[in-house]
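# Notes for the structure review
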Amino acid sequence: MSPSNSQRSDVSLTHPDRLYWPDEGVTKQGLADYYAEVWRFMAPYLVNRPLALLRLPDGIKSHQRFFQKHAWKGMNAHIEEIADPQDADGEKLLRIADFDGLVALVQSAVLEIHPWGTTTDHWEKPDMITMDLDPGEDVAWDAVTAAALDVKARLEARGLAAFVKTSGGKGLHVVTPLAPKAGWTEVKDFAHSLAESMAADAPEKYLATATKAKRGGHIYIDYLRNGRGNTAVAAYSTRARPGAPVSMPLDWRELHEVTGPAAFTLANVPQRLQIRPSDPWGDFFAAAVPLD
Ligand code: ATP
Ligand code: MN
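Residues numbered from 1 in each chain as written. Chains lettered and ligands numbered in written order. Predicted model: local features only at pLDDT ≥ 70, side-chain atom pairs only at ≥ 80, totals over all residues. Heavy atoms only, no water.

Per the secondary structure count, the protein chain includes five helices and 13 strands. Against the globule reference of 19 Å for 292 residues, the protein chain gives a C-alpha radius of gyration of 19 Å, in line with a compact fold. Taken along the three principal axes of its C-alpha coordinates, the protein chain extends 55 × 45 × 40 Å. The contacts in the protein chain between residues at least 6 apart in sequence include a share of 70% that link residues at least 24 apart. Surface exposure of the protein chain reaches about 12,800 Å², of which carbon and sulfur atoms provide 50%. (Helix = DSSP H or I, 4+ residues; strand = E, 2+ residues; numbered from the N terminus. Rg over C-alpha atoms; globule rule 2.2 N^0.38 Å. Contact = heavy atoms within 4.5 Å. Areas by Shrake-Rupley, 256 points an atom, 1.4 Å probe, with all protein chains shown as cover.)

In structure tokens:
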């Protein structure tokens with residue numbers, strides 16, 4: 001690992017040896033070290049976005065898990081509380097501005113980070129669309145990668161760019177950068193129509209509704225990440241699942257080499273970034289156009 005690329009933070013970790021992923025031997029300090037390596041790639045998808053956080057104070061084996069959007073007791077000051085402009089009197093939301101904020105999340109056992117698809121500079125105008133591909137049981141991985149390419153083709157036919165990442169769980173996320181212009185309703189309606197058109201054109205492959213009963217053999221094209229207040233796991237975020245997988249941005253050309261949705265982990269990603277330092281999502285925001 002090259003220290004020159006690593007971020008530093010003055011936020012101190014209590015109990016740095018606490019095990020977050022016990023089977024993998026990943027500690028609180030190990031998680032902070034991982035984020036130091038990926039910070040420069042991850043920051044644009046994290047900074048100044050309202051956050052939903054999955055906290056597991058005793059690690060992934062514990063039943064204590066809190067999915068939270070609001071402050072908790074003893075929260076570090078590098079995690080900022082912000083008012084939702086549409087809910088000015090409501091409970092404050094959370095945001096971080098920098099790497100200290102991320103280390104503060106690690107200190108509080110945040111093992112998954114799920115941002116909104118917009119920044120607080122333009123709350124009402126999303127800057128991305130996330131199409132979440134959820135394979136039912138019995139769906140081959142090849143079918144999931146083919147579905148992602150199908151989503152890409154449909155987005156590109158609309159003049160939009162498409163980027164792909166593993167979810168770190170079961171599937172893939174196809175993400176489109178947007179110049180912030182259209183509002184939430186418009187963006188969600190667009191994502192919905194995209195999912196519906198896929199299900200209409202290939203009903204043997206795709207579903208656009210979350211009817212679990214029919215899911216066997218199908219890929220559910222989940223467009224519901226795109227409403228106001230909805231979230232999707234951040235690029236490079238770890239997942240609170242066995243193996244310490246991460247949601248990994250990929251180059252479309254390497255998709256066929258990727259063995260599965262959890263192929264990238266806290267253990268192998270920093271090394272991969274050393275070997276292939278070019279960022280497959282480097283042009284993400286440069287590729288943004290407005291949704292018309
Ligand atoms: P997979 O590949 O397994 O589908 P994923 O990231 O696509 O992974 P999930 O982890 O199943 O999907 O769901 C994540 C999203 O669901 C979050 O971004 C959040 O919006 C929502 N979510 C997850 N857990 C909770 C929870 N406990 N309460 C409310 N919403 C949640
Ligand atoms: Mn999913």
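Right, let's get into the site of ligand 1. Not every one of the 14 residues close to ligand 1 is listed here, only the nearest: His114, Ser167, Lys170, His173 and Arg239. At a separation of 2.7 Å, an oxygen atom of ligand 1 approaches a polar backbone atom of Lys170. Taking His173, its side chain carries an N or O atom lying 2.8 Å from an oxygen atom of ligand 1. When the free accessible area of ligand 1 is taken as 630 Å², the share hidden by the protein chains comes to 66%. The cavity that encloses ligand 1 is the largest pocket. Classifying every residue of the shell around ligand 1 by side-chain character gives two nonpolar, six polar and six charged. (Near = heavy atom within 4 Å. Polar contact = N/O pair within 3.5 Å; in protein donor to acceptor, adjacent residues only side chain to side chain. 1 Å grid on protein atoms, 1.4 Å probe; cavity = no way out; pocket = protein on both sides within 12 Å on 5 of 7 lines; lining within 4 Å. Sits in = over half its atoms within 2 Å of the grid points. Nonpolar A, V, L, I, M, F, W, Y, C, P; charged D, E, K, R; others polar.)

This part takes up empty space enclosed by the protein. Evaluated as defined, the whole model comprises two cavities of 30 Å³ or more. Empty space within the largest cavity amounts to approximately 180 Å³. Lining the largest cavity are 18 residues, and of these Pro115, Gly117, Met128, Thr130 and Ala232 lie nearest its centre. Class assignment of the residues belonging to the lining of the largest cavity gives a composition of eleven nonpolar, five polar and two charged. Summarising the domain contributions, the lining of the largest cavity has at least three residues from each of domain 1 (3-121 + 230-242 + 263-287) and domain 2 (128-226). (Points joined across faces, edges and corners; volume = space filled by probe spheres on them. Domains from an automatic or database assignment.)

What the domain assignment reports for the protein chain is domain 1 (3-121 + 230-242 + 263-287) and domain 2 (128-226). Once you take the C-alpha centre of each, domain 1 and domain 2 turn out to be 24 Å apart. Contact residues are listed per partner, giving 20 residues for domain 1 and 19 residues for domain 2. Where domain 1 abuts domain 2, roughly 1,500 Å² becomes buried across the two surfaces, and 66% of that area is made up of carbon and sulfur atoms. Put simply, domain 1 and domain 2 have zero salt bridges between them. At the surface where domain 1 touches domain 2, the tally comes to three residue pairs in polar contact (both at pLDDT 80 or more). (Buried area = accessible area lost by both parts, 1.4 Å probe. Salt bridge = Lys/Arg side-chain N within 4 Å of Asp/Glu carboxyl O.)

A few words on the sheet that holds strand 7 (residues 110-115). In spatial order, the strands read 4-3-7; together these three strands make up an open sheet with antiparallel pairing. Looking along the sheet, the strands with just one partner apiece sit at the ends: strand 4 (66-68) and strand 7. Averaged over all pairs of adjacent strands, the angle between their axes in this sheet comes to 15 degrees, without regard to strand direction. Two elements, strand 3 (residues 51-55) and strand 7, share five bridges in a ladder whose sense is antiparallel. Paired with Arg55 across the strands is Val110, a residue of strand 7. Strands strand 3 and strand 7 of the sheet are contacted by helix 2 (residues 99-107), whose axis makes an angle of about 130 degrees with strand 7. (Pairing = 2+ DSSP bridges. Axes fitted to C-alpha atoms, helices over the stretch in contact; angles between N-to-C directions.)

With that settled, consider the coordination of the manganese ion (ligand 2). Those protein atoms acting as donors to the manganese ion (ligand 2) are Asp132 (OD), Asp132 (OD) and Asp134 (OD), and they sit at 2.0 to 2.6 Å. On the basis of relative accessible area, Asp134 is assigned to the buried category, the value being 16%. (Donors = N, O, S within 2.8 Å, 3.2 Å for Na, K, Ca; no water. Buried < 20%, exposed > 50% of the residue type's maximum accessible area, 1.4 Å probe, protein only.)

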